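Okay, here's what each chain looks like letter by letter:
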Amino acid sequence: ERMQAGASDITIREGLNISGWFPRTPVENYVDWNLFDFCEATPPENVSLFGWSDESTFEDFGTGNLFVNDQRGYGHLVEYLAQPFLQSTPSRILTNTTVTSVEYSAQCVCANVAGAEGKPNRHCGKYAISTFSVGVLQSDAVRFTPSLPLLKTAAIFKYILPLYLNIFIEFNETFWDDNVQHIGRAEIDRENYTLFLPLGQFFKSRPHLLLVILTGNTAYRVAYQDLSVTKQEIR
């Protein structure tokens with residue numbers, strides 16, 4: 001309605017407040033965190049209402065939840081698809097190699113790399129496709145010469161890089177219902193170890209395993225604190 005009326009954008013939190021949603025109880029705070037922070041890795045105060053769209057996975061693909069526990073991991077898919085390139089002579093893919101800088105002009109693009117182990121440390125071509133993540137670009141780990149245009153730089157730093165922190169916890173016994181998908185922890189502090197996932201049903205050899213998922217400021221705090229403090233907080 002706001003978009004149709006030509007009104008200015010607001011945050012999701014403002015939209016929720018306008019709609020009469022004011023989470024106050026521990027359960028309401030859990031619902032609020034689970035619907036928004038868990039999906040966006042940041043509170044509704046930081047997300048555009050116009051730019052946000054609800055998760056469409058179930059609508060597009062059905063209600064089934066498929067948990068992949070293949071011990072080879074998702075990396076196996078990449079390795080399988082890359083076989084034709086890895087097996088070519090000479091190999092067209094460099095592994096264990098870090099791009100340190102990129103030089104470009106109207107005539108060519110050159111990438112300077114480290115760790116090529118006996119192979120050229122400079123690769124040039126008429127065109128190049130950059131697939132660096134936003135996090136790498138924001139960290140300034142790769143130097144571009146000349147510097148990227150202001151329009152591209154502004155676009156890179158426009159986005160807040162969300163952070164998820166996964167902590168695996170193994171106990172001596174299972175004291176929770178291992179047949180559920182999620183275990184929610186309702187407190188007034190809406191970001192305080194809110195969501196646990198029982199993993200014993202997927203990893204039979206580790207039946208007493210829990211995964212706790214942290215987001216936002218709590219994820220940053222816990223990621224850099226001493227492990228003993230984290231263990232005490234989880235207890």
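Residues numbered from 1 in each chain as written. Predicted model: local features only at pLDDT ≥ 70, side-chain atom pairs only at ≥ 80, totals over all residues. Heavy atoms only, no water.

Participant: In this structure, what is going on with unusual backbone geometry? I would like to understand it.
Facilitator: Peptide bonds are trans in most cases, and residues, glycine excluded, mostly fall at negative phi. For the bond running from Thr145 to Pro146, omega is -5 degrees, close enough to zero to count as cis. Positive phi values are uncommon outside glycine, yet Ala41 reaches one of about 60 degrees. Of note, Ala41 is situated in the loop between α3 (26-40) and α4 (57-61). Judged by its relative accessible area of 3%, Ala41 is buried. A positive phi is found at Asp140, a non-glycine position, where the angle reads about 65 degrees. (Helix = DSSP H or I, 4+ residues; strand = E, 2+ residues; numbered from the N terminus. Buried < 20%, exposed > 50% of the residue type's maximum accessible area, 1.4 Å probe, protein only.)

Participant: Before we go on, may I ask you to explain the state of the cysteines in this structure?
Facilitator: Summed over all chains, the structure comprises 1 disulfide. Across the disulfide, Cys110 is cross-linked to Cys124 (sulfur-sulfur distance 2.0 Å). For the disulfide bridge between Cys110 and Cys124, the dihedral angle about the S-S bond is near 110 degrees, and by the sign convention the bridge is right-handed. Residue Cys110 is located in strand β2 (residues 109-114), and its partner Cys124 is located in strand β3 (residues 122-125); the two are separated by 14 residues in the primary sequence. Cys110 gets classed as buried once you look at its relative accessible area, which sits at 5%. (Disulfide = S-S within 2.5 Å.)

Participant: I keep staring at the pairing of strand β8 (residues 209-215) and nothing clicks. Help me out?
Facilitator: Along any regular strand, the residues point their side chains to alternate faces of the sheet. A large share of β8 lies buried, amounting to 7 of its 7 residues. In β8, alternate side chains face the same way, and those of Leu209, Leu211, Ile213 and Thr215 on one face and Leu210, Val212 and Leu214 on the other are all buried. One ladder, built from 7 bridges, connects strand β5 (residues 164-170) with β8; its direction is antiparallel. The residue of β8 that forms the bridge with Tyr164 is Thr215. Bridging between strand β7 (residues 195-198) and β8 involves 4 bridges; their strand directions are antiparallel. Within β8, the residue paired with Phe196 across the bridge is Val212. (Pairing = 2+ DSSP bridges.)

Participant: Hey, could you run me through a nonpolar patch on the surface in this one?
Facilitator: A cluster of nonpolar residues, Val27, Val31 and Leu35, forms a patch on the protein surface that exposes about 250 Å² of accessible area. Relative to the elements of secondary structure, Val27 occurs in helix α3. (Patch = residues over 30% accessible without salt bridge, like charges linked within 9 Å, V, L, I, M, F, W, Y side chains within 5 Å. Areas by Shrake-Rupley, 256 points an atom, 1.4 Å probe, with all protein chains shown as cover. Salt bridge = Lys/Arg side-chain N within 4 Å of Asp/Glu carboxyl O.)

Participant: Sorry if this is basic, but what is going on with the environment of His76 here?
Facilitator: Its location among the elements puts His76 in helix α5 (residues 75-86). Sequence separation between His76 and Ala7 is 69 residues, and the spatial gap between their C-alpha atoms is 48 Å.

Participant: What's the story with the sheet that holds β7 in this structure? I'm lost.
Facilitator: Strand pairing within a sheet occurs via backbone hydrogen bonds; the two strands may be parallel or antiparallel. Spatial strand order, β5-β8-β7-β6: 4 strands in an open sheet with antiparallel pairing. Unpaired on one side and paired on the other, β5 and β6 (183-184) mark the two borders of the sheet.

Participant: I tried to follow the packing of aromatic side chains on my own but got confused; where do I start?
Facilitator: In this description, a pair of aromatic rings is defined by centroid distance and the angle of the planes. Counted under the stated rule, the structure contains 5 aromatic pairs. Look at Trp33 and Phe38: their rings are 5.8 Å apart centre to centre, the planes differ by 20 degrees, and that puts the pair in the stacked class. The interplanar angle of 85 degrees and the centroid separation of 5.0 Å between the aromatic rings of Phe171 and Phe175 together place this pair among those described as edge-to-face. Classification of Phe171 as partly exposed rests on a relative accessible area of 29%. Judged by its relative accessible area of 55%, Phe175 falls in the exposed class. (Phe/Tyr/Trp six-rings, centres within 6.5 Å; stacked < 30°, edge-to-face > 60°.)

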